[in-house]
Amino acid sequence: MSSTKIFLKSSDDKTFEIDETAARASETLKNIIDGGCLDGVIPLPNVSSNILPKVIEYCKKHGGDNGSSKKIANGGVDKDKEILPDYDEEEDKREKVRVDELKKWEEEYMDFDQQVLYDLMLAANYLHIKGLLDLTVEKAASMIRGRTPDQIRENFNINSDFTPEEEEEMILIEDEWDDEWAFD
Amino acid sequence: MTESCNSRGFSWLMKSCFPNPQEIRHGNTIAIRASEQSSSDNRDHRSQSHQTSFSSLPDDLLLECLSRVSLCSLPSASLVCRRWSQLLDSSDFYDLRRSHGHLYRTLFAVAFTDFGVYAASHRMDTDREWKTTLLPAVEVVAPETFDGSFSHARLMAIERRIYILGRNAMIRYDAWTGTVTPRLPMIFPRKKFAAASVAGKIYVSGGASRTSAVEEYDPESNSWCVVAESPRRRYGCIGAAVDGVFYSIGGLKIGGPHVETTRGVGTEAHVYASTMDLYDVESKAWLRSRAVPGGGCVVAACAAGGHIFVLASHAVELSFWRYDGRRKSGGFGEWCRVKSPPLPAQVRLDSTVRFSCVGVGDKVLLVQVLGSIDDLLRRSRRSCRGMKEGLVLVYDNEAGEWSRGVYLPEVMRRAACVCVEC
């Protein structure tokens with residue numbers, strides 16, 4: 001099954017190859033594959049050739065599963081423990097290593113320019129790759145957290161379109177909310 | 001056959017590429033890309049002139065990003081630009097935060113003191129102390145209106161916004177951004193009136209000697225209108241809402257011989273309106289008024305979990321009652337006495353001790369906003385029990401038990417309270 005290849009065509013007419021199992025990480029591609037329309041090339045008019053390899057890289061890493069490292073760490077391991085009455089320390093250790101490795105991989109994977117971030121987010125949204133969407137959205141959110149309005153504008157290259165009067169009217173209270181769940 | 005299958009699959013795929021008409025303004029990058037997909041030779045040129053930016057992301061993705069930001073970053077985010085502030089303002093955003101589990105039941109108290117207007121908040125899922133902030137409320141209301149307007153203010157919450165209803169003024173406090181905005185006051189000046197929110201609107205009645213009007217406030221249009229006339233005039237009544245019914249509970253009868261003596265010493269001389277009036281908001285009709293048990297002096301009341309809870313004070317005791325407000329249940333309209341709050345037996349509350357009652361999910365919070373139980377006991381020549389001020393008592397309707405909450409800070413005396421999901 002893993003040998004079945006699928007061809008994806010980017011918006012700028014470049015063709016890329018991906019294993020079917022990897023492609024199933026995308027809900028959109030999965031639906032097409034399950035629809036029995038595997039013949040030929042799947043055109044992706046919303047994804048350019050500089051983003052598509054990045055998407056494929058993610059899909060390859062995540063194959064069938066759809067979660068990020070966090071999901072696996074929270075859900076997968078515990079579930080296994082419940083099923084296995086004998087608590088396997090070795091297995092647990094291996095799982096931990098796997099999660100750590102995945103986290104490290106995600107960190108390296110997510111090390112790119114902002115430009116790529118938005119395109120990747122759009123592609124993940126369009127191809128319905130939940131894990132990748134989570135990763136990209138989370139990264140954008142981390143650029144907002146704990147920043148002043150000016151810093152946020154600078155981060156995202158946004159111009160304030162409030163009138164000076166409006167800005168004056170805004171009364172920002174220096175709140176002292178705890179930030180403890182920010183990184184949940 | 002394969003081809004027809006293909007084309008069906010692709011047409012579905014292509015369809016999802018075209019931006020939603022509502023997103024055209026923000027989603028122009030997508031539109032450009034889809035139309036330019038055939039030209040592959042001008043990639044460099046294109047990437048320069050139509051670079052994807054954060055601002056070009058469609059609303060749903062931007063909302064997704066913003067919904068993961070912590071509460072403390074929301075004030076900053078709302079000041080970035082118009083679009084962000086509008087997105088944060090939308091009910092889509094509120095719903096998204098709820099679905100991400102980022103909404104917390106938070107008890108808010110607002111106190112108007114000589115030193116300023118204080119807001120204190122306490123998240124119900126934690127044991128942490130209350131957080132107190134000074135509200136710039138005086139700045140947004142003219143001083144001449146401000147004075148005396150808020151001595152018996154009522155708080156109403158609609159989504160994450162708190163409406164502070166005073167006699168001649170109203171203020172809106174945004175629990176996310178911390179901003180304070182003046183809103184239109186009620187048509188008739190009221191004091192110690194009943195207020196409750198039903199389906200995103202606020203209803204008030206009572207607290208005015210010259211009118212029996214029930215007013216409705218629409219936050220969208222910032223406007224008040226009279227929707228009904230009450231069957232009787234009340235002063236000192238308390239509002240609550242269950243199942244689309246606005247309840248005006250207890251208080252004193254207005255129009256009797258004791259009208260002008262409401263101020264000052266105890267309330268003994270007055271005639272209690274030991275009833276509550278039920279106004280069905282949707283059908284704009286009054287339902288049959290009900291008697292309130294426990295001697296008729298309603299000290300505090302609120303709605304929680306489909307019920308109305310009433311703390312009644314009588315010459316010999318305090319009693320706590322539950323009324324079934326679920327109109328489709330067989331028990332609709334039934335009263336049942338439940339466990340009294342853990343206060344010294346036979347304590348008789350007078351006007352020096354005041355409680356605010358707030359429904360939080362299925363729980364009822366009794367917040368002592370004024371006075372000291374010890375003083376009460378001392379006055380009736382009984383020994384003190386070391387009961388502090390600012391008690392917060394929590395009644396769990398499910399378990400039928402009371403427990404202690406985190407004490408209200410001292411600066412919050414005479415506060416009004418409300419529960420906000422934010």
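Up top is the structure.
From a predicted model like this one, the values you see are computed outputs, not experimental measurements.

## So, the overall build of chain A
- Helix and strand content of chain A: nine helices and three strands.
- When its helices and strands are written in sequence order, chain A yields β-β-α-α-β-α-α-α-α-α-α-α.
- For chain A, the residues scored as buried account for 43% of the 184 residues in total.
- When contacts within chain A are restricted to residue pairs at least 6 apart in sequence, those whose partners lie at least 24 apart make up 62%.
- Counting every atom, chain A has about 10,000 Å² of accessible surface; 48% of that belongs to carbon and sulfur.

## Some words on the sheet that holds strand β25 (residues 401–404) of chain B
Residue and element names in this part refer to chain B.
- With antiparallel pairing, the four strands of this open sheet are ordered in space as β22-β23-β24-β25. Each edge of the open sheet is held by one strand with a lone partner, namely β22 (354–360) and β25. Each strand axis lies, on average, 25 degrees off the axis of its neighbour in the sheet, ignoring direction.

## Observations regarding the sheet that holds strand β21 (residues 335–338) of chain B
All names here are of chain B.
- Strand order in the open sheet formed by four strands is β18-β19-β20-β21, with antiparallel pairing between adjacent strands. Two strands bound the open sheet, and with one partner strand each, they are β18 (298–304) and β21. Ignoring strand direction, the axes of neighbouring strands in this sheet form an average angle of 25 degrees.
- Where strand β20 (residues 318–324) lies against β21, four bridges are found, and the strand directions are antiparallel. Paired with Y323 across the bridge in β21 is W335.

## Thoughts on the state of the cysteines
All names here are of chain B.
- The final tally for this structure, using the stated rule, is zero disulfides over all chains.
- C72 takes part in no disulfide bond, and the closest cysteine sulfur to it belongs to C422, at a distance of 13 Å.
- Here C417 stays unpaired: no disulfide links it, and the sulfur of C357, its closest cysteine neighbor, is 9.9 Å away.
- The class of C417 is buried, set by a relative accessible area of 9%.

## Describing the packing of aromatic side chains
All names here are of chain B.
- Per the counting criterion, the structure on display carries 25 aromatic pairs over all chains.
- With a centroid separation of 5.0 Å and an interplanar angle of 55 degrees, the aromatic rings of Y279 and W286 are classed as tilted.
- Considering the side-chain rings of F320 and Y395, the 5.4 Å spacing of their centres and the 80 degrees angle between planes classify their relative orientation as edge-to-face. Here Y395 lies in strand β24 (residues 392–396) and F320 lies in strand β20, a separation of 75 residues in the sequence.
- Residue F320 is classed as buried on the basis of its relative accessible area of 0%.
- On the basis of relative accessible area, Y395 is assigned to the buried category, the value being 2%.

## Points about helix α6 (residues 82–89) of chain B
- Restricting attention to buried positions, one finds in α6(B) the residues R83(B), W84(B), L87(B) and L88(B). Viewed along the axis of α6(B), the buried residues span an arc of 130 degrees, placing them on a single side of the element.
- Those residues of α6(B) that are buried lie in contact with α8 (149–156) of chain A together with α4 (59–66), α5 (74–78) and α7 (91–99) of chain B.

## Details of the nonpolar core
- Grouped together as the largest cluster of nonpolar side chains are 90 residues, with contacts concentrated most on F54(B), W84(B) and I164(B).
- Sorting elements by how many residues they give to this core places helix α6 (residues 114–126) of chain A first, with eight residues.
- Excluding residues that lie within four positions of it along the chain, I164(B) makes contacts with V110(B), F112(B), L135(B), F150(B), A153(B), R154(B), L155(B), A169(B), M170(B) and I171(B).
- Counting 24 residues, the second largest nonpolar core, distinct from the first, contains V299(B), A300(B), V353(B) and L393(B).

## Here's the deal with the pairing of strand β19 (residues 307–313) of chain B
Residue and element names in this part refer to chain B.
- Counting buried positions along β19 yields seven of seven residues, so the element is predominantly enclosed.
- Alternating positions in β19 separate into two faces, H307, F309, L311 and S313 on one and I308, V310 and A312 on the other, with burial throughout.
- Two strands pair when backbone bridges link them, and β18 and β19 are joined in this way by six bridges, in the antiparallel orientation. Among the inter-strand pairings, A304 is bridged to a residue of β19, identified as H307.
- Here β19 runs beside β20; their pairing, made up of seven bridges, is antiparallel. Looking across to β20, one finds that A312 is bridged to S319.
- Linking β19 to β20, which pair antiparallel, is a turn of four residues.

Reading guide: rules and limits
Residues numbered from 1 in each chain as written. Chains lettered and ligands numbered in written order. Predicted model: local features only at pLDDT ≥ 70, side-chain atom pairs only at ≥ 80, totals over all residues. Heavy atoms only, no water. Helix = DSSP H or I, 4+ residues; strand = E, 2+ residues; numbered from the N terminus. Buried < 20%, exposed > 50% of the residue type's maximum accessible area, 1.4 Å probe, protein only. Contact = heavy atoms within 4.5 Å. Areas by Shrake-Rupley, 256 points an atom, 1.4 Å probe, with all protein chains shown as cover. Pairing = 2+ DSSP bridges. Axes fitted to C-alpha atoms, helices over the stretch in contact; angles between N-to-C directions. Disulfide = S-S within 2.5 Å. Phe/Tyr/Trp six-rings, centres within 6.5 Å; stacked < 30°, edge-to-face > 60°. Arc of directions from axis to C-beta. Core = buried A, V, L, I, M, F, W, Y, C linked by side-chain atoms within 4.5 Å.

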